[in-house]
Amino acid sequence: MSKIAFFCIPASGHTNPTIEVVRELVNRGHEVRYYSYLTYKERIESTGAKFIACDEYDCEQKLKLEDGARVGKDMAFSIRILTDTTLALDEMVCRDMEAFHPDCIVADSMAVWGKAAALKLNIPFVSSTTTFAFNQYSAKIMKQSFSQMWNMIISMPSITKDIKRLQEKGYPINNVLDIMQNDNNTDTIVYTSKEFQPYAETFSDRYSFVGPSIRKAGKAALPNGKKNIYISMGTVNNLLLKFYRSCIEAFGGSDYHVIMSVGQLTDITELGEIPSNFEVYHSVDQIAILQRTDVFISHCGMNSVNESLYYGVPLIMFPQTAEQGGVARRVAELGAGIPLKKGNASTLREAVKAVLAESEYQEKAKEISESFKASGGPVKAADAILRVASRGRRKKQQNS
């Protein structure tokens, strides 16, 4: 039996892909401890893993609403939050790892504290990557604007100070790439297929492209005989009242049936009168809806795109961050969706009309779906983790 520690950030798009992998490991008889947040406690414990709460240490959750919107957009600010959280967790995580003595640590690519603990304590490490795998080649798809590159340049002194803070606590972090990127010697699970991953051929065999890890769900009870549009801008940067109002203007009173998820912080009453062909919620069972949806209007978070394409649903894409912009470009490149230049009503109507009129969009989405389903899923991901864990066990035996 192996002992495995998981670390993740408080985001559904990063947590959900790991759930079935953890379930697979537990069902095989391995012991898993999962360091996460109370929002996900029930979901994690349903796998049989032991849940450990990190809420009191997390610095992002203590931010003001306007500051929280900067995470993912402002590099220096994001690194500061990751550093603060890593240092806040330092004592607890190091103490727990010494007691639990895991054979390996699996950490989300943004859960820096998990990777940092593995490096500091010399524990075998697996990166869990719910975005595209990132290197100098795949970074090209991000196409950073001049302003983004300039902001990165002027942020470097601040980032360097945060890296020094990590070094002073014994973390062998040398530069920002140690935080943001894995090299070809790092065992990495990527929740997409080689066919969808940009420049997949540039990654070593230490990268396991396993496809999306999709939980089982029933189908939503949506009306037959109508085209169904699903709209969601994710669970993080989703305070977009103007965009939601544009969606209502675009499709209200039309022959489409529209399901719109606006996030927990959006006041639905501020949207005005909801048309009879709309269903508007704070959150929905996205997987259940995607099985009945004809087109998905999305922010293009990687998890949402993976789930959409897994069910062969083409996308209308309105990204809010550089990362989401990169995902949108890849979808458009493969012909499975249309990016929006503007989020106004007329642009939305034209894009949906085009996707529904041209069968090629759905055909391309189905091709990507087939590549996802042939990639191995949770079983392949568990196999990759256990290979690393077996090296960890041998290492412990040699040192005992």
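On a predicted model such as this, the values are computed, not experimentally measured, just so you know. Each chain carries its own residue numbering, running from 1 in the direction its sequence is written. Per-residue local features of the predicted model are confined to residues with pLDDT of at least 70, and side-chain atom pairs are confined, for both listing and counting, to 80 or more; whole-chain, interface and lining totals are unaffected and use all residues. The basis for every side-chain value is the complete set of heavy atoms in the structure, and neither hydrogens nor water enter the calculation.

**Q** If you had to explain the overall build of the chain to someone new, which residues and values would you point to?
**A** A count of helical and extended segments in the chain gives 14 helices and 13 strands. Counting over 400 residues, the chain shows a buried share of 54%. In this description, contact between two residues means that some pair of their heavy atoms is separated by no more than 4.5 Å. Nonlocal contacts in the chain, meaning residues at least 24 apart in sequence, comprise 66% of its contacts between residues at least 6 apart. Where accessible areas are quoted, they stem from the Shrake-Rupley method and a 1.4 Å probe; at the residue level, only the protein chains shown are allowed to cover. For the chain, the accessible surface area stands at approximately 18,100 Å², while carbon and sulfur atoms represent 49% of it. Counting from the N terminus, the helices are DSSP H or I runs at least four residues long and the strands are E runs at least two residues long. For each residue, the accessible area found with a 1.4 Å probe, counting protein chains only, is set against the maximum for its type, and the residue is called buried under 20%, exposed over 50%, and partly exposed in between.

**Q** Break down helix H8 (residues 241-251) for me, citing the residues and quoting the values.
**A** For H8, the set of buried residues is Phe243, Tyr244, Ser246, Cys247, Ile248, Ala250 and Phe251. Each element contacted by the buried residues of H8 is listed here: strand E8 (228-232), strand E9 (257-261), strand E10 (278-281), strand E11 (295-298) and helix H12 (345-357). Backbone geometry just after H8 places Gly253 at a positive phi near 75°.

**Q** Pulling in residues and values, what's your account of unusual backbone geometry?
**A** Phi is positive for His101, which is not a glycine, with a value near 55°. Position of His101 relative to the elements: it lies in the loop between helix H4 (75-100) and strand E4 (104-108). Even without being glycine, Asn122 reaches a positive phi, approximately 60°. Topologically, Asn122 is positioned in the loop between helix H5 (112-121) and strand E5 (125-129).

**Q** I'd like a rundown of the pattern of salt bridges, residues and numbers included.
**A** The rule for a salt bridge is simple: a side-chain nitrogen of Lys or Arg has to be within 4 Å of a carboxyl oxygen of Asp or Glu. Counting across every chain of the model gives 12 salt bridges. With a shortest N-O distance of 2.7 Å, Arg80 and Asp162 are connected by a salt bridge. One end of the pair, Arg80, is in helix H4; the other, Asp162, is in helix H6 (residues 146-168), and 82 residues separate them in sequence. Between Lys120 and Asp90 there is a salt bridge, with the nearest N and O atoms lying 2.9 Å from each other. With Lys120 in helix H5 and Asp90 in helix H4, this pair connects stretches of sequence that are 30 residues apart.

**Q** Give me the sheet that holds strand E13 (residues 337-339): which residues, what numbers.
**A** Strand order in the open sheet made by the 6 strands is E10-E9-E8-E11-E12-E13, with parallel pairing throughout. Because the sheet does not close on itself, it has two edges, and the strands there are E10 and E13. Adjacent strand axes in the sheet meet at a mean angle of 15°, parallel and antiparallel pairs treated alike. For two strands to be treated as a pair, DSSP must find no fewer than two bridges joining them. Here 4 bridges tie E8 to E11, and the two strands are oriented parallel to one another. What sits directly across from Tyr230, in E11, is Phe296. Set on the sheet, helix H11 (residues 322-333) makes contact with strand E12 (315-317) and E13; between it and E12 the angle comes to about 140°. Here, axes are lines fitted to C-alpha atoms. For helices the fit covers the stretch in contact, and angles between N-to-C directions go from 0 to 180 degrees. Sheet strands touched by H12: E8, E11, E12 and E13. Its angle to E11, the strand with the most contacts, is close to 145°.

**Q** For the pairing of E11, give the residues involved together with the corresponding values.
**A** If a strand is regular, its side chains alternate between the two faces of the sheet. Neither face of E11 is open: one carries Val295 and Ile297, the other Phe296 and Ser298, and all of them are buried. As defined by bridge partners, E11 adjoins E12 across 3 bridges and the pair is classed as parallel. Counterpart to Ile297 in the pairing with E12 is Ile316. Viewed with both strands pointing away, a crossover whose connecting path from the first strand over the helix to the second turns clockwise is right-handed. With helix H10 (residues 302-310) bridging E11 and the parallel E12, this β-α-β connection has right-handed handedness.

**Q** Tell me about the packing of H10 against helix H13 (residues 359-373), residues and numbers included.
**A** Between H10 and H13, the least distance of the axes is 8 Å, while the angle of their chain directions is 100°. The angle between the axes of H10 and H13 places the two elements in the roughly perpendicular class. In this structure, H10 contributes Asn306, Leu309 and Tyr310 to the contact, and H13 contributes Ala365, Ile368, Ser369, Phe372 and Lys373. Gly is placed with the polar residues, together with every amino acid not listed as nonpolar (Ala, Val, Leu, Ile, Met, Phe, Trp, Tyr, Cys and Pro) or charged (Asp, Glu, Lys and Arg). Per-class residue counts for the contact of H10 with H13 are 5 nonpolar, 2 polar and 1 charged. Here the angle decides the label: under 35 degrees means roughly parallel, over 145 means roughly antiparallel, 65 to 115 means roughly perpendicular, and every other value means oblique.

**Q** I'd like to hear about the sheet that holds strand E3 (residues 50-53), residue by residue, with values.
**A** Strands sit in the order E3-E2-E1-E4-E5-E6-E7 across an open sheet of 7 strands; the sheet is parallel. Edge strands, defined here as strands with exactly one partner in the open sheet, are E3 and strand E7 (207-209). Direction aside, neighbouring strands of the sheet carry axes that sit 20° apart on average. Taken together, the 4 bridges between E4 and E5 define a ladder with parallel strand orientation. Each bridged residue has a counterpart across the sheet, and for Ile105 the counterpart in E5 is Phe125. With respect to the sheet, helix H1 (residues 12-27) is in contact with strand E1 (3-7), strand E2 (31-36), E4 and E5, its orientation differing from that of E2 by roughly 165°. The strands touched by H5 within the sheet are E1, E4 and E5, with E4 carrying the most contacts at an inclination of about 150°.

Note that every value here comes from positions in space, so none of it alone points to a role or purpose.
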